[in-house]
Amino acid sequence: MGKIVVPFGSQHVALPEPISFLFDTENEIITKVEAHIGYVHRGIEKAAITRFEYNQLPYLTARVCGLCSITHAGAVVHGIEKLMDIEVNKRIDYLRMLVVELDRIHSHMLANGHVAEVVGYENLFMQTFRAREDVMDVLERITGNRVQYDYQTIGGVARDIDLETAEFAKKKLKKLKENVLKVMEFHDSDYTFGLKTKGVGVISKEMAAKYNTAGPIARASGLETDVRAEFDYLPFEEVGYKMQTRKEGDVWARNMVRFDEVLNSIEMCENILDNLPQGEHQVKVKGRPKGETVVRVEAPRGECFYYLKASGKKVMDRVRIRVPTYANIPILKELFLGAKYSDAQAIVLSFDPCMSCTAR
Amino acid sequence: MLKMFIESLKNLVSEPETIKYPFEPSPEPKGYRGTIHYNEELCIFCDKCENICPPGAIKFVVVDYETGKKEYNYNPYLCIYCGACVRECPKADEGCLVQVETRTPPLGRSVPKGKELGYFINRIDNPKEVESKWREIEELNIKTKEEYKAYKKAKRAQKAAAKAKGEE
């Protein structure tokens, strides 16, 4: 058999976002990969240093990505607060942590649901998304919108949480935990799901370290890397954060690591809601940002990196964003070589690629 | 596999998770970030909301240079409903700028009307004109502000000259 080139993307039923792969295949085995990203480039980094002032940046960077809008807004807010020497109180930290973790829950549930869908298990996909709806309701109630949260602002959060909302969130989180455990059981022990995911796209620990992978992909291979533990930006340890790792490193393990993190995040959210400190939800802000700084935050997909530079003007000098998906593309290309074409969808989706982040 | 089969069968008799939206109303949840309502009587024209608005959906246009009267123009179809203007407004507690919990209706055959939406949307009848008319407002916003600045400067110079003359 000769060589056949199979295009995968940029428009494909299995892909939620536009990325294009060109596979050279021989007898359905992939021998060469070419990846193209950047279909959704919007020039956000340029807009951040020309059109928008520093206090509008959280609203702009929230629109880098729909799924981790809280992460991007949080990162830029944290950076600007560092540049302006703003100290926020404990309550603001806790409220920020709450939305960050809720964001992680819904992003992970979406990723796991998509993996189930592309391996041909539509039913499990629907069950996962049904369970996910509860956390969307909680976020909508807390922030006031379903997708674009705009919750973190410079010097605080947009609105305080009242007793009624906290009770609502607790009730929903309890229901969510039951549902997650049920769905996790299906992902864990279902025979047909295992056939398509166990032993597919295996990354060893050495490989993960060599290619410098980030997020759940690294942790599924047993590599202990998590910005929440490494970089001090919010007091995660106080509310019961534990690093979740698995050893297998295949598609299945990446799914299970995400579920472990979801359960850990639910526990953290419950702790936050039970022990919310007293205080104002906004602190006074004065002056303009000056100097340069680096921010690392743990997005649902891994380490998200921000470099900010300002010189006391209204408009920043430089805003550089590096997102986790970009860091994971080299190993993704490596994984395809020698894999079957029919496994390609599961491998791509298990990485939870976010192209609108990557292309910005 | 069997477990999932039983779970799926249960779905046939359990309550639906979705709502039949076009046939049933889809109510806004509590605390929803909806339309921005404005009260001109309380406004002190500090322009803070205009300066913070990320998409630039609030524009003030100076209509009378003598008195410095400004008109509040708000484009609900450019607004991202982030609520930054309300947080910035010094008179928000009294009800100058309020974010209500109802959605703006989608732009269909008619344009929503109401005094609380400002001048811009009330002067338009054809929904197709919203975009082009907003561009005019944006140009007017820059032009009138510059002219007003120049007018004030000229007036100050005039006053100073008159004062100097009086002293002589």
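Parameters and conventions
- Residues numbered from 1 in each chain as written.
- Chains lettered and ligands numbered in written order.
- Predicted model: local features only at pLDDT ≥ 70, side-chain atom pairs only at ≥ 80, totals over all residues.
- Helix = DSSP H or I, 4+ residues; strand = E, 2+ residues; numbered from the N terminus.
- Rg over C-alpha atoms; globule rule 2.2 N^0.38 Å.
- Buried ≥ 20, exposed ≤ 12 C-beta atoms within 10 Å, placed from the backbone.
- Axes fitted to C-alpha atoms, helices over the stretch in contact; angles between N-to-C directions.
- Contact = placed C-beta atoms within 7 Å.
- Nonpolar A, V, L, I, M, F, W, Y, C, P; charged D, E, K, R; others polar.
- Core = buried A, V, L, I, M, F, W, Y, C linked by C-beta atoms within 7 Å.
- Parallel < 35°, antiparallel > 145°, perpendicular 65-115°, else oblique.
- Left-handed = near helix turned anticlockwise from the far one by under 90°.
- Pairing = 2+ DSSP bridges.
- pLDDT = per-residue confidence, 0-100.
- Expected span 1.5 Å × (residues − 1).

Moving on, we come to the overall build of chain A. Regarding its fold elements, chain A presents 14 helices and 8 strands. Radius of gyration (C-alpha) of chain A: 20 Å, near the 21 Å computed for a compact globule of 360 residues. Overall size of chain A, expressed as C-alpha extent along the three principal axes, is 70 × 45 × 35 Å. The buried share of chain A, taken over its 360 residues, is 52%.

Attention now moves to the overall build of chain B. If you tally the helices and strands in chain B, you get 5 helices and 4 strands. Expected size for 168 residues packed as a compact globule is a radius of gyration near 15 Å; at 24 Å, chain B overshoots this value by more than 25%. Burial status across chain B gives 21% buried among its 168 residues.

Residues and elements named next belong to chain A. Relative orientation of the contacting elements helix 3 (residues 69-84) and helix 4 (residues 90-118) amounts to 145 degrees, with a least axis distance of 9 Å. Packed against helix 3, whose contacting residues are Ile70, Thr71 and Gly74, the element helix 4 presents Arg96, Val99, Val100 and Asp103 at the interface. Here the contact of helix 3 with helix 4 is composed, by residue class, of 3 nonpolar, 2 polar and 2 charged.

It is characteristic of soluble globular proteins that their nonpolar side chains tend to be buried jointly. Judged by nonpolar contacts, the single largest core of 134 residues is most densely connected at Val99 of chain A together with Tyr74 of chain B. Filtering out sequence-adjacent residues up to four positions away, Val99 of chain A remains in contact with Ile70, Leu139, Ile142, Thr143, Tyr149 and Tyr151 of chain A.

On to the packing of helix 5 (residues 122-143) of chain A against helix 6 (residues 163-189) of chain A. All names here are of chain A. At a closest axis distance of 9 Å, the pairing of helix 5 and helix 6 adopts a crossing angle of 165 degrees. What the angle tells us is that helix 5 and helix 6 run roughly antiparallel. The handedness of the crossing between helix 5 and helix 6 is left-handed. Along the contact surface, helix 5 presents Leu124, Gln127, Thr128, Ala131, Asp134, Val135, Asp137, Val138, Arg141 and Ile142, while helix 6 presents Thr165, Phe168, Ala169, Lys172, Leu173, Lys175, Leu176, Asn179, Val180, Val183 and Phe186.

This part is about unusual backbone geometry. Phi is mostly negative for residues that are not glycine, and the peptide bonds are mostly trans. Its identity is not glycine, yet Asn27 of chain A carries a phi of approximately 50 degrees, on the positive side. On the secondary structure map, Asn27 of chain A appears in the loop between strand 2 (20-26) and strand 3 (29-36). Using a count of 9 C-beta atoms within 10 Å as the deciding quantity, one classes Asn27 of chain A as exposed. For Asp47 of chain B, which is not glycine, the phi torsion reads 65 degrees and is therefore positive. If you trace the backbone, Asp47 of chain B turns up in the loop between strand 1 (36-38) and helix 2 (48-52).

All names here are of chain A. Taken together, 3 strands build an open sheet; the order of strands is 1-2-3 and the sheet is antiparallel. At either margin of the open sheet sits one strand with a lone partner, and together these are strand 1 (4-8) and strand 3. The mean angle between the axes of side-by-side strands here comes to 20 degrees, regardless of whether they run parallel or antiparallel. Bridging between strand 1 and strand 2 involves 5 bridges; their strand directions are antiparallel. Each residue of the ladder has a partner; that of Phe8, found in strand 2, is Phe21. Against the sheet, helix 12 (residues 324-336) engages strand 2 and strand 3, with an angle of about 155 degrees to strand 3.

Attention shifts here to the pairing of strand 7 (residues 302-311) of chain A. Residues in a regular strand point their side chains to alternate faces of the sheet. Residue and element names in this part refer to chain A. With 7 of 10 residues buried, strand 7 is to be regarded as a mostly interior element. The pairing of strand 6 (residues 290-299) with strand 7 spans 10 bridges and is classified as antiparallel. Within the sheet, the bridge partner assigned to Thr293 lies in strand 7 and is Leu308. Here strand 6 folds back onto strand 7 in antiparallel fashion, the turn holding 2 residues. Summarising the sheet, strand 7 and strand 8 (residues 318-322) pair through 5 bridges and their orientation is antiparallel. Residue pairing in the sheet places Leu308 in a bridge with Val319 of strand 8. In sequence, strand 7 turns back onto strand 8 through a hairpin of 6 residues, with Gly312 there showing a positive phi of about 75 degrees.

Let's shift gears to the confidence of the model for chain B. Per-residue confidence for chain B gives a mean pLDDT of 84; residues scoring 70 or more make up 99%. This complex was scored by the predictor with a pTM of 0.86 and an ipTM of 0.81.

Residues and elements named next belong to chain B. Structurally, Ala57 can be placed in the loop between helix 2 and strand 2 (58-64). Counting along the chain gives 37 residues from Ala57 to Glu94, while the straight-line C-alpha distance between them is 22 Å. Those residues in contact with Ala57 that sit more than four places away from it in its chain are Tyr74, Asn75, Leu78 and Cys79.

It is worth spelling out helix 4 of chain A at this point. An α-helical turn contains 3.6 residues, so any two residues separated by three or four positions project in the same direction. Residue and element names in this part refer to chain A. With 29 residues, helix 4 ought to run about 42 Å at 1.5 Å a step, and its terminal C-alpha atoms sit 42 Å apart, in line with that. Within helix 4, 26 of the 29 residues are buried, which leaves it mostly tucked inside the rest of the structure. Positive phi appears at Gly120, one or two residues downstream of helix 4, with a value of about 95 degrees.

Turning next to helix 3 of chain A. Residue and element names in this part refer to chain A. Look at helix 3: 23 Å from first C-alpha to last across 16 residues, which is about the 22 Å you get at 1.5 Å a residue. Among the 16 residues in helix 3, 14 count as buried, and that is most of the element. Just beyond helix 3, the residue with positive phi is Asp85, at close to 55 degrees.

On the chain B side, the residues contacting the 22 residues of chain A number 18 residues. Of all the secondary-structure elements, those providing two or more residues to the side of chain A that touches chain B are helix 2 (57-61), helix 5 and helix 7 (191-197) of chain A. Among the elements that take part in the side of chain A that touches chain B, helix 5 of chain A stands out by supplying 7 residues, more than any other. Partitioning the side of chain A that touches chain B into residue classes produces 7 nonpolar, 9 polar and 6 charged.

Another point: the sheet that holds strand 8 of chain A. Residue and element names in this part refer to chain A. The antiparallel open sheet is built from 3 strands, whose spatial order is 6-7-8. Here the strands that pair on one side only, and so sit at the sheet edges, are strand 6 and strand 8. Shown here is a sheet whose adjacent strand axes are inclined to one another by a mean of 10 degrees, direction ignored. Contacting strand 6 and strand 7, helix 3 crosses the sheet at an angle of about 150 degrees to strand 6. Contacting strand 6, strand 7 and strand 8, helix 12 crosses the sheet at an angle of about 130 degrees to strand 7.

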